[in-house]
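# Structural overview for review
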Amino acid sequence: MTSIQRFLDRLGLQYPIIQAPMAGVSTPRMAAAVSNAGGLGSLAIGAGTAAQARQMIADTRALTARPFNVNVFCHAPAVRDARREAAWLAHLAPLFAELGAALPTQLDEIYPTFIGHAAAFDLLLELRPAVVSFHFGLPATQQIAALRQAGIYTMATATNVREALLIEQAGVDAIVAQGVEAGGHRGAFDPQAQDERHSTSVLLRLLAGSTALPLVAAGGIMDGQGIRAALNLGAAAVQLGTAFVLCPESAANAGYRAKLKSGRAATTRLTSVLSGRLARGMVNRLIEHGEAPGSPPPADYPVAYDAAKQLNAAASLRGDSEFAAQWAGQGAPLAREMGAAELVATLAREMAG
């Protein structure tokens, strides 16, 4: 039996296709549609409270009886630095002024980490989703063991061999191999460490020779041909994010969709300007302003995200999306607008073709 078939059998999937758990974009409707179509739908609960997570899982279960993935953020708590945060706000001041908005007087750590978040951990143990995945690092090994003991399949993101080996040693079931082409946040454990920025294909080959765990390829995969290539390089499944943003079930707003369907999709950049941590998105005025020569470093993640979200909220009142976090991978120009279930079926046909 191949690694692909073992993965499919273990999770009860028809296709080795996973919809990425994109915070702010993925929805219960999307996750359910993907799962019902034979793939693995995903929810991202790292941007909300335990109560909101409970509701998202309940809403998804009302739409599907099939397995789906629940993703959590395992980042280190923000390093608060009042001087650095003040300097970052001062740098953004002209943008707030241009929009007629008051400059924030303080910034908050808006996304709690799953590490030490007892309420989120207890919720997952109680509700027992089929899959739980970790991004930005790993929780305690005891928590991983408890989730697995509860019958939950676990996955964690790696961007290099060292992270993959840590994932394997921690007892996680599978590795999401995230190449540099991927949209959204890099899953690197330590954002200060040297990042080789491996492509998805190189990372797959490195990990295939380093670990026996199933590999899920992520980054730049937009169609069935890309899926087939990743499977041929050693992946047991693939994870696609940007490919699902234009689906009607996604929570992407009109401005995000318009940019993704325009020439803007061809220009993406890895930047820490928006959130304080490297993430790939379509280039906009906020990124250009924050990366201009002489710019101070942004506040730490996710504190900088609070500033960006407040700026975007002010811009949105004017119908301006030039300050939004519009995450997209390097394959963004290949995005197609169709229902999530139709997209899964299309990808499966292309993959087989």
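Described below are features of the structure shown in this document. (Residues numbered from 1 in each chain as written. Predicted model: local features only at pLDDT ≥ 70, side-chain atom pairs only at ≥ 80, totals over all residues. Heavy atoms only, no water.)

### A short note on the sheet that holds strand S7 (residues 184-185)
Overall, antiparallel pairing links the three strands, which are arranged S7-S11-S10 in an open sheet. Of all strands in the sheet, those bounded by a partner on one side alone are S7 and strand S10 (268-271). Examined bridge by bridge, S7 and strand S11 (residues 279-282) share two bridges and lie antiparallel to one another. Its bridge partner lying in S11, His185 is registered against Ala279. (Pairing = 2+ DSSP bridges. Helix = DSSP H or I, 4+ residues; strand = E, 2+ residues; numbered from the N terminus.)

### Examining the layout of surface pockets
Put simply, the largest pocket is a space of about 900 Å³. For the largest pocket, the lining is made up of 50 residues, of which Met22, Ala23, Gly184, His185 and Trp327 are closest to its centre. Those elements that place two or more of their residues in the lining of the largest pocket are strand S3 (68-73), strand S4 (131-135), strand S5 (153-158), strand S6 (174-178), S7, strand S9 (237-240) and helix H12 (303-316). The greatest single-element share of the lining of the largest pocket, amounting to four residues, is contributed by H12. Residues that form the lining of the largest pocket fall into these classes: 30 nonpolar, 18 polar and two charged. Space inside the second largest pocket adds up to approximately 460 Å³. What lines the second largest pocket is a set of 27 residues, among which Asp190, Pro191, Gln192, Ala193 and Arg277 lie closest to the centre. The residue makeup of the lining of the second largest pocket, split by class, is eleven nonpolar, seven polar and nine charged. (1 Å grid on protein atoms, 1.4 Å probe; cavity = no way out; pocket = protein on both sides within 12 Å on 5 of 7 lines; lining within 4 Å. Points joined across faces, edges and corners; volume = space filled by probe spheres on them. Nonpolar A, V, L, I, M, F, W, Y, C, P; charged D, E, K, R; others polar.)

### With respect to the environment of Asp59
Summarising the element assignment, Asp59 is placed in helix H3 (residues 50-61). Of note is the side chain of Asp59, whose polar atom sits 2.7 Å from the side chain of Gln55. (Polar contact = N/O pair within 3.5 Å; in protein donor to acceptor, adjacent residues only side chain to side chain.)

### Focus: the packing of aromatic side chains
Applying the stated criterion across every chain, the model contains eight aromatic pairs. Centre to centre, the rings of Phe73 and Phe136 are 5.4 Å apart; their planes meet at 50 degrees, and the pair counts as tilted. Taken together, the residues Phe73 in strand S3 and Phe136 in the loop between S4 and helix H6 (141-149) connect sequence positions 63 residues apart. For Phe73, a relative accessible area of 8% corresponds to the buried category. Judged by relative accessible area, which is 2%, Phe136 ranks as buried. (Phe/Tyr/Trp six-rings, centres within 6.5 Å; stacked < 30°, edge-to-face > 60°. Buried < 20%, exposed > 50% of the residue type's maximum accessible area, 1.4 Å probe, protein only.)

### Notes on the packing of helix H9 (residues 224-232) against helix H13 (residues 340-352)
Two quantities define a packed helix pair, namely the angle between the helix axes and the distance between the axes. At a minimum axis distance of 7 Å, the contact between H9 and H13 shows a crossing angle of 55 degrees. On the basis of the axis angle, H9 is oblique to H13. The two elements H9 and H13 cross, and the hand of that crossing is right-handed. Counted together, Gly224, Gln225, Ile227, Arg228 and Leu231 of H9 and Leu347, Glu350 and Met351 of H13 form the full contact between these two elements. (Axes fitted to C-alpha atoms, helices over the stretch in contact; angles between N-to-C directions. Parallel < 35°, antiparallel > 145°, perpendicular 65-115°, else oblique. Left-handed = near helix turned anticlockwise from the far one by under 90°. Contact = heavy atoms within 4.5 Å.)

### Concerning the side chain of Glu163
In this fold, Glu163 is placed in helix H7 (residues 161-169). Here Glu163 sits buried without a salt bridge, and the closest side chain of opposite charge, Arg162, lies 4.3 Å off (N-O distance). Contacts of Glu163, omitting those with residues within four sequence positions, involve Ala158, Ala188, Phe189 and Asp190. (Lys, Arg positive; Asp, Glu negative; His and termini not counted. Salt bridge = Lys/Arg side-chain N within 4 Å of Asp/Glu carboxyl O.)

### Digging into the nonpolar core
Counting residues in hydrophobic clusters, the biggest one holds 101 residues, and the most contacted among them are Phe134 and Phe244. For this core, the element with the most residues is H12, which contributes eight residues. Setting aside its immediate chain neighbours within four residues, Phe134 contacts Asn71, Val72, Cys74, Phe114, Pro139, Ile144, Leu147, Thr154, Met155, Ala156, Thr157 and Val172. Listed in part, the 15 residues of the second largest apolar core include Tyr153, Val176, Val216 and Ala237. (Core = buried A, V, L, I, M, F, W, Y, C linked by side-chain atoms within 4.5 Å.)

Nothing here speaks to function; it is geometry throughout.
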